[in-house]
Amino acid sequence: QVQLVESGGGLVQAGGSLRLSCAASGRTFSSYAMGWFRQAPGKEREFVAHINWSGSRTVYADSVKGRFTISRDNAKNTVYLQMNSLKPEDTAVYYCGADGDSRVLVSSAKRYNYWGQGTQVTVSS
């Protein structure tokens, strides 16, 4: 089992940057691919980025490509989301998830077995 705790959210002006962290418990963290999703009020949870177990492969949603970077440090059991050039439409609660069923698309929330509690990101215009 994996427990996930997100941090690093906050209020930032448009064009600014934030770095989110997702700290995982458990000695098997390095065996999990990880994903970041976000959910705005009244909307479904939306895929943001995915990273494989070693960090050698990443996938991004078109809406964040070129602005966000996902990375991980397996020695620290942590996955990161560096968010640059933030826009008001990036406002949401951001969640990290630990990979579950590899047969499901990385962009589907159904793929992930474990979730953190989320961290709020608010971008003002």
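Because the structure is a prediction, the values reported are computed rather than measured.

Engineer: Mind showing me how you'd approach the nonpolar core here?
Structural biologist: One recurring pattern in soluble globular proteins: nonpolar side chains tend to sit buried together. Ranked by internal contacts, the top residues of the largest apolar core, which has 34 residues, are Met-34, Trp-36, Leu-81, Met-83 and Tyr-94. Breaking this core down by element, the ones donating at least two residues are strand S3 (18-24), strand S4 (34-39), strand S5 (46-51), strand S7 (68-73), strand S8 (78-83), strand S9 (92-99) and strand S11 (119-124).

Engineer: Teacher, can you tell me more about the environment of Asn-113 here?
Structural biologist: Counting through the fold element by element, Asn-113 comes out in strand S10 (residues 112-115). Note on Asn-113: relative accessible area 52%, which makes it exposed. Taking the C-alpha atoms as reference points, Asn-113 and Gly-97, separated by 16 residues in sequence, lie 7.1 Å from one another. Setting aside chain neighbours within four positions, we find Asn-113 in contact with Ala-98, Asp-99 and Gly-100.

Engineer: Could you clarify how one ought to interpret the sheet that holds strand S1 (residues 4-7) in this entry?
Structural biologist: Within a beta sheet, neighbouring strands are joined by backbone hydrogen bonds and run either parallel or antiparallel to one another. Across the sheet, four strands lie side by side as S1-S3-S8-S7; this open sheet has antiparallel pairing. Strands with a single pairing partner mark the edges of an open sheet, and in this sheet they are S1 and S7. Averaged over all adjacent pairs, the angle separating strand axes in this sheet is 15°, with direction ignored. One ladder, built from four bridges, connects S1 with S3; its direction is antiparallel. Residue pairing across strands places Val-5 opposite Ala-23, the latter belonging to S3.

What counts, and where the lines are drawn
Residues numbered from 1 in each chain as written. Predicted model: local features only at pLDDT ≥ 70, side-chain atom pairs only at ≥ 80, totals over all residues. Heavy atoms only, no water. Core = buried A, V, L, I, M, F, W, Y, C linked by side-chain atoms within 4.5 Å. Buried < 20%, exposed > 50% of the residue type's maximum accessible area, 1.4 Å probe, protein only. Helix = DSSP H or I, 4+ residues; strand = E, 2+ residues; numbered from the N terminus. Contact = heavy atoms within 4.5 Å. Pairing = 2+ DSSP bridges. Axes fitted to C-alpha atoms, helices over the stretch in contact; angles between N-to-C directions.

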